Amino acid sequence: MTKFELWTIGIGVANVILLLVGFIFAVLQLRGAKWELRTIKEIDEQQHDWSRRIAAQEALQKYDHTWYSGPLQEEFDYFNRNEPVPVQEVKSKFVKGSTVQADLIKLLNFYESLSRGIHQNIFDEEVIRIARQRAMTKAHNSFFAYIEDRRRQANPKAWSELTSIVRKWERDDNRVKPRAPANQSHGN
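Residues numbered from 1 in each chain as written. Predicted model: local features only at pLDDT ≥ 70, side-chain atom pairs only at ≥ 80, totals over all residues. Heavy atoms only, no water.

Undergrad: Residue-level account of the overall build of the protein, with values.
TA: Scanning the protein for helices and strands turns up seven helices and zero strands. Counting from the amino terminus, the protein carries its helices and strands in the arrangement α-α-α-α-α-α-α. Computed over the C-alpha atoms, the radius of gyration of the protein is 31 Å, more than 25% above the 16 Å expected from 2.2 N^0.38 for a compact globule of 188 residues. The C-alpha extent of the protein, read off along each of the three principal axes, is 110 × 50 × 30 Å. A total of 188 residues make up the protein; the buried ones form 30% of that total. Long-range contacts, defined here as pairs at least 24 residues apart, represent 72% of the contacts in the protein between residues at least 6 apart. Of the roughly 13300 Å² that the protein leaves accessible, carbon and sulfur atoms contribute 58%. (Helix = DSSP H or I, 4+ residues; strand = E, 2+ residues; numbered from the N terminus. Rg over C-alpha atoms; globule rule 2.2 N^0.38 Å. Buried < 20%, exposed > 50% of the residue type's maximum accessible area, 1.4 Å probe, protein only. Contact = heavy atoms within 4.5 Å. Areas by Shrake-Rupley, 256 points an atom, 1.4 Å probe, with all protein chains shown as cover.)

Undergrad: Residue-level account of helix H5 (residues 125-142), with values.
TA: The terminal C-alpha atoms of H5, which comprises 18 residues, lie only 22 Å apart, well short of the 26 Å expected from a rise of 1.5 Å per residue. In H5, a bend of some 70° at Arg132 exceeds every other bend along the element. When we look at burial in H5, the residues that qualify are Val127, Ile128, Arg129, Arg132, Gln133, Ala135, Met136, Thr137, Lys138, Ala139, His140 and Ser142. Along its buried surface, H5 packs onto helix H1 (3-60), helix H4 (100-119), helix H6 (144-153) and helix H7 (160-174). Residue Asp124 occupies the N-cap position of H5, its side-chain oxygen lying 3.3 Å from the main-chain nitrogen of Glu126. (Expected span 1.5 Å × (residues − 1). Bend = angle between axes of the 7 residues up to and from the residue. Polar contact = N/O pair within 3.5 Å; in protein donor to acceptor, adjacent residues only side chain to side chain.)

Undergrad: With reference to specific residues and values, describe unusual backbone geometry.
TA: The backbone of Asp77 sits at a positive phi, close to 50°, despite the residue not being glycine. By secondary structure assignment, the location of Asp77 is in the loop between helix H2 (71-76) and helix H3 (87-92). Unusually for a residue other than glycine, Trp159 sits at a positive phi of about 55°. Secondary-structure assignment places Trp159 in the loop between H6 and H7.

Undergrad: Account for the pattern of salt bridges, with residues named and values stated.
TA: Here the structure, examined in full by the defined rule, presents 16 salt bridges. The shortest N-O distance in the salt bridge between Asp149 and Lys91 comes to 2.7 Å. Of this pair, Asp149 sits in helix H6 while Lys91 sits in helix H3, and the two are 58 residues apart along the sequence. A relative accessible area of 8% means that Asp149 is categorised as buried. With a relative accessible area of 40%, Lys91 lands in the partly exposed category. For Asp173, the salt bridge identified is with Arg129, shortest N-O distance 2.6 Å. Separated by 44 residues along the polypeptide, Asp173 in helix H7 and Arg129 in helix H5 bring together distant segments of the chain. In this structure Asp173 comes out as partly exposed when scored by relative accessible area, which is 45%. In this structure, a network of salt bridges that share partners links the residues Asp49, Arg52, Arg53, Asp124 and Glu126. (Salt bridge = Lys/Arg side-chain N within 4 Å of Asp/Glu carboxyl O.)

By themselves, these figures tell us nothing about what the structure is for.
Here it is, written out as structure tokens:
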């Protein structure tokens, strides 16, 4: 073999070695990028969860009446009732100069917006549930006859997100919790 052929073979081998080193380096870079993307995704999910919790807290503070002594409670005493408020009774309180109708619609709309925020993954359900489950459920169930009347008269979907979340919570509360398997240790 001539010197030229030996140099050509040597350069060819060097090219193959460089290609292999480059390929190995590229694979390592891709693995590192994959790990970084996974880490970024985890951090983003944590930040999104945190933001949903903060948004839920901020939304909860927007309604300005206290629940047990507000105007609707004074008019209907609905927290102390075991049965829904009849629609005739609700409508009889809607007299000129009274804010009862506006207060009721404001309350139901507020709960509807919380429910919609939960369904659209804007608000953290656990934060809303801990803070307002009892109040939302009581208001919804107490004024359900009025809600149904409004659905028949004006809007078939009126406060439907509220109904959906209240029914979900009631199902969850009534669900029998599964018992831990017998073979699991209990922290002993």
